[in-house]
Amino acid sequence: MDYLKYIKAELLILVPVLYIIGLGLKKSKLADKWIPLALGITGIILSAVWVVATSPIATMQDAAAALFTALTQGILATGASVYASQLHIQAHKEE
């Protein structure tokens, strides 16, 4: 899959970062069902930090575009991370 079509190149780093955070969460007391949500929120926050740091936000239209970018990029990066995790899990599963 060509992630560059959907996830900004600068934000591809979030995929392995979120994967590593997910590994940490898996070892924590957090129930497995909450890990994707926790990763999604983390991905959106990290994307928002990048967007705010790199984008001029002078108008409401700029703010709306920044919010949309942060949400979509965070969700996409999280999805790619969870997908990579599941590929790893399924590849090492004995049946």
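Residues numbered from 1 in each chain as written. Predicted model: local features only at pLDDT ≥ 70, side-chain atom pairs only at ≥ 80, totals over all residues. Heavy atoms only, no water.

Student: Could you clarify how one ought to interpret helix 1 (residues 14-27) in this entry?
Tutor: Think of an α-helix as 3.6 residues a turn; residues three or four steps apart then line up on the same face. Between the first and last C-alpha of helix 1 there are 20 Å, a value that for 14 residues agrees with the 20 Å anticipated at 1.5 Å per step. Looking only at helix 1, the buried set comprises Leu14, Val15, Leu18, Gly22 and Leu25. Viewed end-on, helix 1 has its buried residues packed into an arc of 95 degrees, placing them on one side of the element. Along helix 1, the residues that are exposed and aim more than 90 degrees away from the buried face are Ile20 and Lys27. Where helix 1 is buried, its residues contact helix 2 (35-54) and helix 3 (60-91). (Helix = DSSP H or I, 4+ residues; strand = E, 2+ residues; numbered from the N terminus. Expected span 1.5 Å × (residues − 1). Buried < 20%, exposed > 50% of the residue type's maximum accessible area, 1.4 Å probe, protein only. Arc of directions from axis to C-beta. Contact = heavy atoms within 4.5 Å.)

Student: How do you make sense of the packing of helix 1 against helix 2 when you look at a structure like this?
Tutor: Helix packing for two helices is described by the angle between their axes and how far apart those axes are. One can describe the packing of helix 1 onto helix 2 by two numbers: an axis separation of 10 Å at closest approach and a directional angle of 145 degrees. Taken as a pair, helix 1 and helix 2 cross one another with a handedness that is right-handed. Seen from helix 1, the contacting residues are Leu14, Val17, Leu18, Ile21, Gly22, Leu25 and Lys26; seen from helix 2, they are Ile35, Ala38, Leu39, Thr42, Gly43, Leu46 and Ser47. Among the residues forming the contact of helix 1 with helix 2, the class breakdown is nine nonpolar, four polar and one charged. (Axes fitted to C-alpha atoms, helices over the stretch in contact; angles between N-to-C directions. Left-handed = near helix turned anticlockwise from the far one by under 90°. Nonpolar A, V, L, I, M, F, W, Y, C, P; charged D, E, K, R; others polar.)

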